[in-house]
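Now for the letters of each chain:
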Amino acid sequence: MYKLPGAGVGVAGGGVGALAATGADVGWWLAVGVILLVLGTIAVIAGYRRTKRLGRTGS
């Protein structure tokens, strides 16, 4: 039978898997999601600028 990550571990001593499985501390997950979105946006902008710069110097 499948066992959820962190199952059998007390909430006080549980890890990230336990928090995800129980839905506890949703604010922490939202903060991580926002950080990932910001980092992804920065990466896309940097890639766009790099491609634009390489295209300009290559012609």
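Cut-offs and rules
Residues numbered from 1 in each chain as written. Predicted model: local features only at pLDDT ≥ 70, side-chain atom pairs only at ≥ 80, totals over all residues. Heavy atoms only, no water. Helix = DSSP H or I, 4+ residues; strand = E, 2+ residues; numbered from the N terminus. Areas by Shrake-Rupley, 256 points an atom, 1.4 Å probe, with all protein chains shown as cover. Patch = residues over 30% accessible without salt bridge, like charges linked within 9 Å, V, L, I, M, F, W, Y side chains within 5 Å. Salt bridge = Lys/Arg side-chain N within 4 Å of Asp/Glu carboxyl O. Lys, Arg positive; Asp, Glu negative; His and termini not counted. Charge placed at Lys NZ, Arg CZ, Asp CG, Glu CD. Phe/Tyr/Trp six-rings, centres within 6.5 Å; stacked < 30°, edge-to-face > 60°. UniProt positions renumbered as here; feature names shortened; annotations may be inferred.

The protein chain goes by Peptidase in an unreviewed UniProt entry, where it is assigned to Amycolatopsis thailandensis.

*Asks:* Hey, could you run me through the overall build of the protein chain in this one?
*Replies:* Looking only at helices and strands, the protein chain features two helices and zero strands. Accessible area of the protein chain: about 5000 Å², with a carbon and sulfur share of 70%.

*Asks:* I keep staring at a nonpolar patch on the surface and nothing clicks. Help me out?
*Replies:* A contiguous nonpolar patch, built from Val 34, Ile 35, Leu 36, Val 38, Leu 39 and Ile 42 and spanning about 570 Å² of accessible area, is present on the exposed surface. Relative to the elements of secondary structure, Ile 35 occurs in helix H2 (residues 26–58).

*Asks:* What is the right way to look at a positive patch on the surface in this model?
*Replies:* Positive charge collects at one region of the surface, where Arg 49, Arg 50, Lys 52, Arg 53 and Arg 56 lie side by side. With respect to the helices, strands and loops of the structure, Arg 53 is situated in helix H2.

*Asks:* What's the story with the packing of aromatic side chains in this structure? I'm lost.
*Replies:* Describing an aromatic ring pair means giving the distance of the ring centres and the angle of the ring planes. Going through the model one piece at a time under the given rule, you end up with one aromatic pair. Relative to Trp 29, the ring of Trp 28 has its centre 4.8 Å away and its plane inclined at 85°; by these criteria the two rings are edge-to-face.

*Asks:* Explain the UniProt feature "transmembrane region" (unreviewed entry) in the protein chain to me, please; I cannot follow it from the model alone.
*Replies:* As annotated by UniProt and renumbered to match this structure, "transmembrane region" (unreviewed entry) occupies residues 30–48. Split by type, residues 30–48 is 100% helix and 0% strand. Its first and last C-alpha atoms lie 27 Å apart.

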